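The lines below spell out each chain.
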Amino acid sequence: MAWEIVRVPDKPPGCFQGTTVGVVASNVEPKLANTLVRKLCLAAPLENLRHVKRVRRRTLEAGRNELSIILCPTFAGENELEGIPDDVQKVINDYQLNPFIAKVPKYSASSKEEWEDQCKLWPTSYHPMANVEGFAEFTPDDSHWIISCMKTALNLATLSQLGKQVKNAAVIVDPSSRHIIASVVDQTSELSGTNKVTEAASYAKDPETISFSEAGENELKCYQALFHPYTSDEASRSYFEVSCLYPWRWLEQKSHTEITTVDNGNKYSWHPLRHAAIVAIENAAARDRQLFPNPSNSSCSGLQDSAINSPAKRQKNVESLVQEEIKSCLLEVMRPYLCTGFDIYLVWEPCAMCAMALVHQRIRRIFYAFPNLNAGALGSIHKLQGEKSLNHHYSVYRVFPSTEVVP
Amino acid sequence: MISATSEFTSSDLAFMEFALEQAKSAMSNLEVPVGCVFVEDGEVISSGSNRTNETRNATRHAEMEAIDLLLERWQKAGLSLPEVTEKFSKCVLYVTCEPCIMCAAALSILGIKEVFYGCANDKFGGCGSILSLHEGESEQPSGCPRGRFRCRGGLMASEAVGLLRSFYEHGNPNAPKPHRPDPSLSKARATVPRGDAVIAKRPGKKDLQGGIPTPSVPPEEAFVPTSQLDLDTG
C-alpha cells in the first residue's frame, strides 16, 4: 500500500454528540421532489451543511411514505422561521408548502456508527475513504510534499540511531514557501555523536528547500529499522530514548552521565524536557529573532542599528528615515507571529507537554507517523486537538508510511 | 487535591509573595504577569517569570525558566543524574497561576514533590482545570504511577488575578499586527521620528496572546474564577 495521510479526529470515534442545527423544512408531495430540489439548490444552497441530504424519506404507519425537504438554513435563529429569503418564500407560496423547523446534524460523521446515529435524525452522507477531511483535502502535489517532509523527519530519526537508540525527530516547515524552519532530534540526553546531528540540523539562516525524492533502497531499510511494534522488552528498549514515548524514564536512569561535563556553548549536557518538539520551537523562535530583529526592544537582539536613535541621525536626513521606517514596516508585515501558518512533522505522536507547547506556539498542522501508546496527547491517551477551551486549534494528521517501509 | 485556602502556612504566603514579585517584574517587561519560585528544604532555590514575548517563544513560561536555571546550575556543579532526580523530588513550586498543560506535564516528568498555585487557569490548566496531569502516568500495571505530585490552588489568588487583569486592561503590546497593515497607521509611522514612535502600543486590540476584554470589577474573593481571562501562561 502507498503512503497515506489520515486526519486524526478531535473527538472519540462513533460518538455523535447530538450537535444539531435548525433548518427550515417542509413535507412535500413525492412527485414535486425533483423540481423543488432543483429550485432550492439554486435559491438556497446548503453551504455549511454539505454532509446533510436535502430530502428525507420516512415510512409511516400503513406503508405510507413521507417526504420532507430542507428549504433553507435558519436565518433569524435556531428555532425561527423568520428571515426566509424571497426566492425560497416564492417557492413556498407557489407550491403551498408548510414550513417547519427541523434539526439536522451540524457536523459530518467521522465514523460509521456516528453516521448511523445521525441518519435516525436526518439522512447525511458519509465518506469513510475521504475520512471527513482526510486525504481528499490535499492535492496530489500537496500530498507529495507532505510525504517528503515526513521522510525528512524519518531520515533525521534514522540518523540519530547511534548505538541502536532511536530518537524522535521534529521538522518545522513553512508550507507557503516550502522552507524548513527548524529540524532537530530529541536532546534529552546527549550521547556521543548526537551533537553532530543536532548541529547539522539546527535552523538554517538561508532557508533550505526540501527536495522531492523517491525513497531509495537504503532509505527503506533505515525506515524499517526505525519501527518495530512493541513486541518484546528487547525491541522496546531501543525506543527508550524517544523522549515522548518514555518521558519518565530519565527518573530511573543510573548511568550514562555520572560525570556531567558541560561543553562550552552548551548549557546542559542532558535535559529531561528537551524533547524534539520543544527544541524545534526554540530554534524557530531563535530564527524569528535573528531574521526579524525587534526595533523597539533592545534586549531582544544585538543586530539593531543603535545609530537610529541618535539625535544627529534623526536630523540628518528625513528622507532616509522614511525609507528606514518603510523597510521596518515591511519587515513587520513579513514577520511571522510565533509559528502561525507553519506545520510540524514528528516521527512519533507528541506527549502532553509537547502537544501543548505546539498549541502555545500556534502551529497550524501536526503530522506524525507513529502513535505513542504510552503518553501520546493527540489521539492515544489525550486528545488535545479536541479541547475546546484552548485558544488555538491545530489539525492533526497521521502519515502512514507505505507498507514497503513499515511491513 | 485542591483544598480550601485556610490551611496555608505563613511560609506558604511568604513564598507566594516572592512568586508575585516575579510576576510583577514580568509585567514591567511587558510580559504576561506570571511568576514562580522553587523551594527546597524551606529555601528558595530558583525563580522565574514569563518571557514569551521577549523570546518570541510562547513556551517560555515562568516554570520553564526556573527549571532551566536549576538544571543548568546543578549540572555546572557536577551533580549526577540520580542526584538531580533526588533534588527535584524534594522541590516545591509556588506559582501565581495554575500550571498550564505543558508546564504541568513538565513538572510531572521532573517528578517534583508539590505545587502551590494562585488562581486557577480555566482554559489551559493542567492541574485539574482541563487535564489532571498532576496525577502522573496513566494506568501503571505496577500500581504506582510516576510523576504524581500534590497540588493546591487558591493561595493569594486575588493578587494573581489582579495582576493579570491590569495587564490585559492595558492590552498586550506585543500582540500580532493585523494581517493587512492599516494604511493610515503606516503613514503615521513613516512620518513620526523613530525616537518618539511607540507604534507597538495599540490598546484595545484583542490579541492572540490572550487578551480579552477584562472585567473592571476588582477581585474580592480569595479564589477568583478566571474564566473571563484568557490565561495563556502559567
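Residues numbered from 1 in each chain as written. Chains lettered and ligands numbered in written order. Predicted model: local features only at pLDDT ≥ 70, side-chain atom pairs only at ≥ 80, totals over all residues. Heavy atoms only, no water.

- If you check an unreviewed UniProt entry, chain B appears there as CMP/dCMP-type deaminase domain-containing protein from Colocasia esculenta.

- For chain A, the name recorded in an unreviewed UniProt entry is CMP/dCMP-type deaminase domain-containing protein, with Colocasia esculenta as its organism.
- According to the UniProt record, the Sequence similarities (unreviewed entry) comment for chain A reads "Belongs to the cytidine and deoxycytidylate deaminase family. ADAT3 subfamily." (UniProt positions renumbered as here; feature names shortened; annotations may be inferred.)

### Some words on the state of the cysteines
All names here are of chain B.
- In total, this model carries 0 disulfides over all chains according to the counting rule given.
- Looking at Cys-100, it has no disulfide partner, and the nearest cysteine sulfur is the one in Cys-103, 3.9 Å off.
- Judged by its relative accessible area of 0%, Cys-100 is buried. (Disulfide = S-S within 2.5 Å. Buried < 20%, exposed > 50% of the residue type's maximum accessible area, 1.4 Å probe, protein only.)

### A short note on the environment of Ile-45 of chain B
- Among the structural elements, Ile-45 of chain B can be located in strand β2 (residues 43–49).
- Considering only alpha carbons, one finds Ile-45 of chain B and Cys-91 of chain B, 46 residues apart in sequence, at a separation of 9.0 Å. (Helix = DSSP H or I, 4+ residues; strand = E, 2+ residues; numbered from the N terminus.)

### Here's the deal with the environment of Ser-143 of chain A
Residue and element names in this part refer to chain A.
- Looking at where Ser-143 falls in the secondary structure, it is placed in helix α4 (residues 140–159).
- For Ser-143, a relative accessible area of 5% translates into the label buried.
- Through-space distance from the C-alpha of Ser-143 to that of Glu-4 is 8.6 Å; in sequence the pair is 139 residues apart.

### Comments concerning the environment of Leu-159 of chain A
- With respect to the helices and strands, Leu-159 of chain A occurs in helix α4.
- A sequence separation of 10 residues divides Leu-159 of chain A from Ala-169 of chain A, and the C-alpha atoms of the two residues are 9.8 Å apart.

### A closer look at the confidence of the model for chain A
All names here are of chain A.
- In the predicted model, chain A carries a mean pLDDT of 77, and the fraction of residues at 70 or more is 70%.
- At the low end of the mean pLDDT range in chain A sits helix α5 (residues 194–201), at 41; at the high end sits helix α11 (residues 352–360), at 98.
- Segment residues 129–135 is flagged for pLDDT under 50; beyond a separation of four residues in sequence, or across chains, it makes 16 contacts in the model. (pLDDT = per-residue confidence, 0-100. Contact = heavy atoms within 4.5 Å.)

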